[in-house]
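Results of the structural survey
What follows is the residue order along each chain.
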Amino acid sequence: MSVSTAALDSSVCAPLPVLGQDVTVPLVTGGEVTYAALDYAASAPALQRVWDDVAAYAPYYGSVHRGAGYLSQLSTDLFENSRRTVAEFLGCRADDQVVFTRSTTDSLNLLAAAIPAGCQVFVYETEHHASLLPWRDAQVTYLNAPRTPGQAVEALERALADRDPYGPALVCVTGASNVTGELWPVKELAAAAHAHGARIVLDAAQLAPHHPVDIAELDVDWVAFSGHKLYAPFGSGVLAGRADWLRAAEPYLAGGGASRKVARRADGGVDVDWHTTAARHEAGSPNVIGVYSIASACKALTEAGFDTLVAREQELVRRVREGLAEVPEVQVLSLFGDDAPRVGVISFVVRGWNSSHFAAALSAEYGIGVRDGLFCAHPLVRTLLGSDPQDPGECGAPEAEPGERSLNAIRVSFGAGTPDEHIERFLRAVFELVRQGAQWKYRTEDGRCVPDRGEAARTV
């Protein structure tokens, strides 16, 4: 048996140029190979277009909003124009606000700090921790993992029907799972939320890089995503959507930029007049380069033609799923089944292998970077693996030795910059590791599975 070498349909479009596409890495077996970055779900490589735009702006870098000099005014214009670019990319409504943050996690924590008192929050256990955990001061209902999109809608409708009908409520849901890549029925969930007087926030961290997101069309109240998953560098994110809760809330951070006027009182205290615009939650010197990089990525994806990018990615998804299906020892994880639409995120386990051992061998022997662990979605991965919620196991810190069963999985993820060769090398590596075993011995060191430099496991 051998993995099919049928070519991908590269006529759809070519991959977009990204940084690092020519980087070589050493192999434990000797020599070097071009690195295959297949961990896009954690951080996608920056688009070359984004890097070029940032490099062109860098000599003109200046303070934002409060400087009289030319570079400050230029940087302010660039910052605010970036806000408009992101609003267009997301299909924002006329009265929506775009707030720049550090990440999806930061965006959702900002919203959690802005929800009204007594707000009831409804979250599926399938969420990434960024959207599962921020709601510490709210009354939270955690919904069990659904097994079909229809079950997801039905479970939400039941839960909302039982809530206090007079208080505020918020539903938080992912657009595409960071574990299975499956698309969630966002529009239907939004309709269910609004029918019961609730609002909804979409965690689009995994959706926005792979699929168009239109706030108005989906009829969601807020969208959150990160730049580092949208082919931009680290350190920037977005919360976009309705302004009323954000205007009414205390500033997320207190400081310069969030305040319009500060005056001492006669009693020695301080009176503050806070901004009502997005600046209310953007205190401090903003990350203008990070913000500009997000806007550049939005433009690049739009100009490349998102429909064409989606079509090519679906070819990659098809090839990976078909290739993994040819290896009986591989079990692909899924909530909604094989026919569910999904983006380029696929998690699996291999019978007879510790997942961290398998991922380490892919890296050390083939130059392929994937992710192993629980992917900061512990309840979901444990549900998919059929393990007890109390079983041990941490995100990225396996306790099992190489060869022992682990409670972790392996995730391969890809996108607009992935070459066909990386997909074919990955599938070939999976087949060879399962059929022939690793070429090298491995050990656990500081919670990670690493090659033992002493000797090979078999003849190389």
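Provided above is the structure to which this section pertains.
We now turn to the structure provided with this report.

Cut-offs and rules
Residues numbered from 1 in each chain as written. Predicted model: local features only at pLDDT ≥ 70, side-chain atom pairs only at ≥ 80, totals over all residues. Heavy atoms only, no water. Helix = DSSP H or I, 4+ residues; strand = E, 2+ residues; numbered from the N terminus. Buried < 20%, exposed > 50% of the residue type's maximum accessible area, 1.4 Å probe, protein only. Contact = heavy atoms within 4.5 Å. Axes fitted to C-alpha atoms, helices over the stretch in contact; angles between N-to-C directions. Parallel < 35°, antiparallel > 145°, perpendicular 65-115°, else oblique. Nonpolar A, V, L, I, M, F, W, Y, C, P; charged D, E, K, R; others polar. Left-handed = near helix turned anticlockwise from the far one by under 90°. Salt bridge = Lys/Arg side-chain N within 4 Å of Asp/Glu carboxyl O. Patch = residues over 30% accessible without salt bridge, like charges linked within 9 Å, V, L, I, M, F, W, Y side chains within 5 Å. Areas by Shrake-Rupley, 256 points an atom, 1.4 Å probe, with all protein chains shown as cover. Pairing = 2+ DSSP bridges. Right-handed = clockwise from strand over helix to strand, strands pointing away. Core = buried A, V, L, I, M, F, W, Y, C linked by side-chain atoms within 4.5 Å. Disulfide = S-S within 2.5 Å. Expected span 1.5 Å × (residues − 1). Arc of directions from axis to C-beta.

**What about the environment of Ala 204?**
Looking at where Ala 204 falls in the secondary structure, it is placed in the loop between strand E8 (199-203) and helix H7 (215-218). Classification of Ala 204 as buried rests on a relative accessible area of 0%. Between the C-alpha atoms of Ala 204 and Ser 177, which are 27 residues apart in sequence, the distance is 9.4 Å. Setting aside anything within four residues of it in sequence, one finds Ala 204 in contact with Pro 209, Val 213, Val 223, Ala 224 and Phe 225.

**A word on the packing of helix H10 (residues 306-325) against helix H13 (residues 420-436)**
Following both chains from N to C, one finds H10 and H13 inclined at 10°, their axes separated by 10 Å at the closest point. Judged by the inter-axis angle, H10 sits roughly parallel to H13. Along its contact with H10, which presents Arg 312, Leu 316, Arg 319, Val 320, Gly 323 and Leu 324, the element H13 presents Asp 420, Ile 423, Glu 424, Phe 426, Leu 427 and Val 430. Considering only residue class, the contact of H10 with H13 consists of seven nonpolar, one polar and four charged.

**Some points on the packing of helix H2 (residues 70-90) against helix H9 (residues 288-304)**
The geometry of H2 relative to H9 is characterised by a closest axis approach of 9 Å and an angle of 40° between their N-to-C directions. Between H2 and H9, the angle is such that the two are oblique. The chirality of how H2 crosses H9 is left-handed. Touching Ser 75, Leu 78, Phe 79, Ser 82, Thr 85, Val 86 and Phe 89 of H2 are Val 288, Val 291, Tyr 292, Ile 294, Ala 295, Cys 298, Lys 299, Leu 301 and Thr 302, all from H9. Residue composition of the contact of H2 with H9, by class: eleven nonpolar, four polar and one charged.

**What to know about the pattern of salt bridges**
Going through the model one piece at a time under the given rule, you end up with 24 salt bridges. Across the pair Asp 53 and Arg 49 runs a salt bridge, and its minimum N-O distance is 2.9 Å. Highlighted residues: Asp 53 and Arg 49, both in helix H1 (residues 48-57), separated by four residues, approximately one helical turn. Arg 49 sits in the partly exposed class, given a relative accessible area of 29%. Note that Arg 83 is salt-bridged to Glu 80, the shortest N-O span being 2.9 Å. Placement of the pair is Arg 83 and Glu 80 together in helix H2, with a separation of three residues, close to one helical turn. Judged by relative accessible area, Glu 80 falls into the partly exposed class, the value being 22%. Ionic contacts of the salt-bridge type, sharing partners, join the residues Asp 39, Arg 371 and Arg 411 into one network.

**Comments concerning a nonpolar patch on the surface**
Taken together, the side chains of Tyr 60, Tyr 70 and Leu 71 present a nonpolar region at the surface, about 330 Å² in accessible area. Take Tyr 60: it is sitting in the loop between H1 and H2.

**Brief notes about the sheet that holds E8**
Reading across from one edge, E4-E10-E9-E8-E7-E5-E6 is the order of the seven strands in this open sheet, with mixed pairing throughout. The outermost strands of the open sheet, each flanked by one partner alone, are strand E4 (97-101) and strand E6 (139-143). The average angle at which neighbouring strand axes cross in this sheet is 20°, direction not considered. The sheet strands contacting helix H3 (residues 104-114) are E4, strand E7 (169-174), E8, strand E9 (222-226) and strand E10 (237-241), and the helix crosses E9 at an angle near 150°.

**A word on the side chain of Gln 120**
With respect to the helices and strands, Gln 120 occurs in strand E5 (residues 120-124). Judged by relative accessible area, Gln 120 falls into the buried class, the value being 8%. Not counting residues up to four positions away in its chain, the partners in contact with Gln 120 are Gln 139, Arg 163, Asp 164, Pro 168, Ala 169 and Leu 170.

**Topic: the pairing of E7**
The element E7 is extensively covered by neighbouring structure, given that six of its six residues are classed as buried. On E7, burial covers both faces: Ala 169, Val 171 and Val 173 on one face and Leu 170, Cys 172 and Thr 174 on the other are all buried. With four bridges joining them, E5 and E7 adopt parallel strand pairing. Paired with Val 123 across the strands is Cys 172, a residue of E7. Inspection of the sheet shows E7 paired to E8 by five bridges, in the parallel sense. Looking at E8, one finds that Cys 172 is bridged to Val 201. At this point the chain moves from E7, through helix H6 (residues 186-195), to the parallel E8, and the crossover so formed is right-handed.

**With respect to the nonpolar core**
Residues Leu 90 and Phe 225 are the most contacted members of the largest nonpolar core, which totals 82 residues. Looking at this core element by element, the count peaks at eight residues for H9. Not counting residues within four places of it along the chain, the set of residues in contact with Phe 225 comprises Val 86, Leu 90, Ser 103, Thr 104, Ser 107, Ala 204, Ala 205, Ala 208, Leu 230, Gly 237, Val 238 and Ile 294. Counting 37 residues, the second largest nonpolar core, distinct from the first, contains Val 28, Ala 429, Val 434 and Tyr 442.

**Quick look at the state of the cysteines**
Throughout the structure, instances matching the rule amount to zero disulfides. Free of any disulfide, Cys 119 has its nearest cysteine sulfur in Cys 172, 11 Å distant. The exposure class of Cys 119 is buried, given its relative accessible area of 2%. Residue Cys 298 stays outside any disulfide, its sulfur separated by 10 Å from that of Cys 92, the closest cysteine.

**Overview of helix H5 (residues 149-161)**
For H5, built from 13 residues, the straight-helix expectation of 18 Å at 1.5 Å per residue is met to within 8% by its first-to-last C-alpha distance of 19 Å. Listed in full, the buried residues belonging to H5 are Ala 152, Val 153, Ala 155, Leu 156, Ala 159 and Leu 160. The buried residues of H5 all sit within an arc of 165° when viewed along its axis, so they share a single face. The exposed set on the far side of H5, more than 90 degrees from its buried face, consists of Arg 158 and Ala 161. Where H5 is buried, its residues meet E5, E6, E7 and H6.

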